[in-house]
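A structural walkthrough
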Amino acid sequence: METYRNFINGEWVESTSEKTAENVNPADTGDVLGIVKLSTREEARRAVEAAADAFRAWRATPAPTRGRIVARAARLLEDDRESLARLLTREEGKTVAESRGELQRAVNVAEFCAGESRRMNGETIQSELPANFAYTLRQPHGVVACVTPWNFPVAIPVWKIAPALVAGNTVVFKPATLTPATAVRIVEIFAEAGLPAGVLNLVLGSGSDAGDEIVGHPAVRAVSFTGSNGVGLNLYEQCARRGAKVQCEMGGKNPVVVLEDADMELAVESTAQGAFGSTGQRCTATSRAVVVDEIADEFLERIVARAEDLKLGDGLDPATDVGPSVDEKQFETVLRYIDIGREDGATLLCGGTRADADNLSKGYFVRPAVFADV
């Protein structure tokens, strides 16, 4: 069984931590992909120091040269798309079609960022003084911490890492503990593309230890975070005290609004895909439908039928529409919120229970739920 390693200063290094977590396939909990050692604070500090040491040479590297490395990474991602998509599905649970789409998005982002290396332009400014020439230049921050979630474990890291690198920053990447295998593969691809040692570093570990050490380190001048509202707000406070830049993408509560002139078939299908795609595990998931009275009954009847028609299963099966919750904790959270919906007086029209068919009994599957009278 594989034990995932950190990548620090151009070398793969196994953590000395005795704290570990299993990387489990959420569609079949008997399938353990590997073991994650939860890195120590000292190991996280070494990663930041490696990035800080590499910064001076990397910022001096011409932007088009940095862009060529990111472009090579895009090509390597594209070449590895199918195997990485299947790894993503096995590790996180989404359907392989969704994983392929995520991989393509990562390739597109890397390609775009590589192109931006030719457009790192500043501005010339008309001065009020006749002998003065005023202009601006874009300059990198320094060490950037990229803290990413488990629900898009390829696309989100790439759309943080690629622009940071092209702009001349060095990076410390702290992925979610639940998706270490895809994180390791992303870093392998960037390293294979030709990044110098220390420019991109990977630390596997908990947010409370390794993550906190990284974002709190004085050498980290910017943080890009995707995750929960609570963690994001705390991170804002922590970094603001020392003037570090912070970029947060946090949770949402997203409605679809359906008016009386809507194409009903399109509205129902779009709502179902928004609600149940990626097992609803995304900040952009459709969690509410606001529908005008005169078409509400028809919409409700159709959306319930669509939810009941969705096929649950292992995401590697091309016939699967909805995969599992990512782990037991998320699975229990979903069931708890369904209970809260009932307690608040809403009417559960379908789903909302554990799917216990023989082929689903080893995974974290919840039948797609629709509430009415909310």
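Whatever comes next refers back to the structure up there.
Residues numbered from 1 in each chain as written. Predicted model: local features only at pLDDT ≥ 70, side-chain atom pairs only at ≥ 80, totals over all residues. Heavy atoms only, no water.

1. Some details on the packing of helix H2 (residues 63-79) against helix H5 (residues 155-166)
For the pair H2 and H5, interaxial distance at closest approach is 8 Å and the crossing angle is 155°. Comparing their axes, H5 and H2 come out roughly antiparallel. Residues Ala 63, Arg 66, Gly 67, Val 70 and Leu 77 of H2 lie in contact with H5, whose contacting residues are Val 158, Ala 162, Leu 165 and Val 166. Taken together, the residues that form the contact of H2 with H5 break down as seven nonpolar, one polar and one charged. (Axes fitted to C-alpha atoms, helices over the stretch in contact; angles between N-to-C directions. Helix = DSSP H or I, 4+ residues; strand = E, 2+ residues; numbered from the N terminus. Parallel < 35°, antiparallel > 145°, perpendicular 65-115°, else oblique. Contact = heavy atoms within 4.5 Å. Nonpolar A, V, L, I, M, F, W, Y, C, P; charged D, E, K, R; others polar.)

2. Some points on the packing of aromatic side chains
By the definition in use, this model includes three aromatic pairs. Summarising the aromatic geometry, the rings of Phe 7 and Trp 12 are spaced 4.7 Å apart at their centres and angled 45° between planes, so their arrangement reads as tilted. Of the residues examined, Trp 12 reaches a relative accessible area of 26% and is grouped as partly exposed. Taking 5.8 Å as the distance between ring centres and 40° as the angle between the ring planes, the aromatic pair formed by Phe 331 and Tyr 364 counts as tilted. Here Phe 331 is found in helix H11 (residues 328-343), whereas its partner Tyr 364 is found in the loop between strand E15 (347-350) and strand E16 (370-372), with 33 residues between them in sequence. Exposure remark for Phe 331: the relative accessible area of 2% places this residue in the buried category. With a relative accessible area of 14%, Tyr 364 lands in the buried category. The ring of Phe 152 carries Lys 94 above its face, with NZ or CZ at 3.8 Å from the centroid. (Phe/Tyr/Trp six-rings, centres within 6.5 Å; stacked < 30°, edge-to-face > 60°. Buried < 20%, exposed > 50% of the residue type's maximum accessible area, 1.4 Å probe, protein only. Lys NZ or Arg CZ within 6 Å of the ring centre and 35° of its normal.)

3. What about unusual backbone geometry?
With a phi angle near 55°, Thr 279 is a residue other than glycine that sits in the positive phi range. You can see Thr 279 is positioned in the loop between helix H9 (264-276) and strand E14 (286-291). With a phi angle near 55°, Asp 373 is a residue other than glycine that sits in the positive phi range. Turning to its location among the elements, Asp 373 is positioned in the segment after E16.

4. Considering the pairing of strand E5 (residues 32-37)
Counting buried positions over the six residues of E5 gives five, a clear majority of the element. The pairing of strand E1 (residues 2-4) with E5 spans three bridges and is classified as parallel. Of the residues in E5, the one forming a bridge with Thr 3 is Ile 35. Here five bridges tie strand E4 (residues 20-24) to E5, and the two strands are oriented antiparallel to one another. Residue Ala 21 lies in a different strand from E5, and its bridge partner there is Val 36. (Pairing = 2+ DSSP bridges.)

5. A closer look at the sheet that holds E4
By way of backbone hydrogen bonds, the strands of a sheet pair with one another, either parallel or antiparallel. In spatial order, the strands read E1-E5-E4; together these three strands make up an open sheet with mixed pairing. At either margin of the open sheet sits one strand with a lone partner, and together these are E1 and E4. For this sheet, the mean inter-axis angle between neighbouring strands, taken without regard to orientation, is 30°. The strands that helix H6 (residues 180-192) touches are E1, E4 and E5; relative to E1, the one it contacts most, it runs at about 70°.

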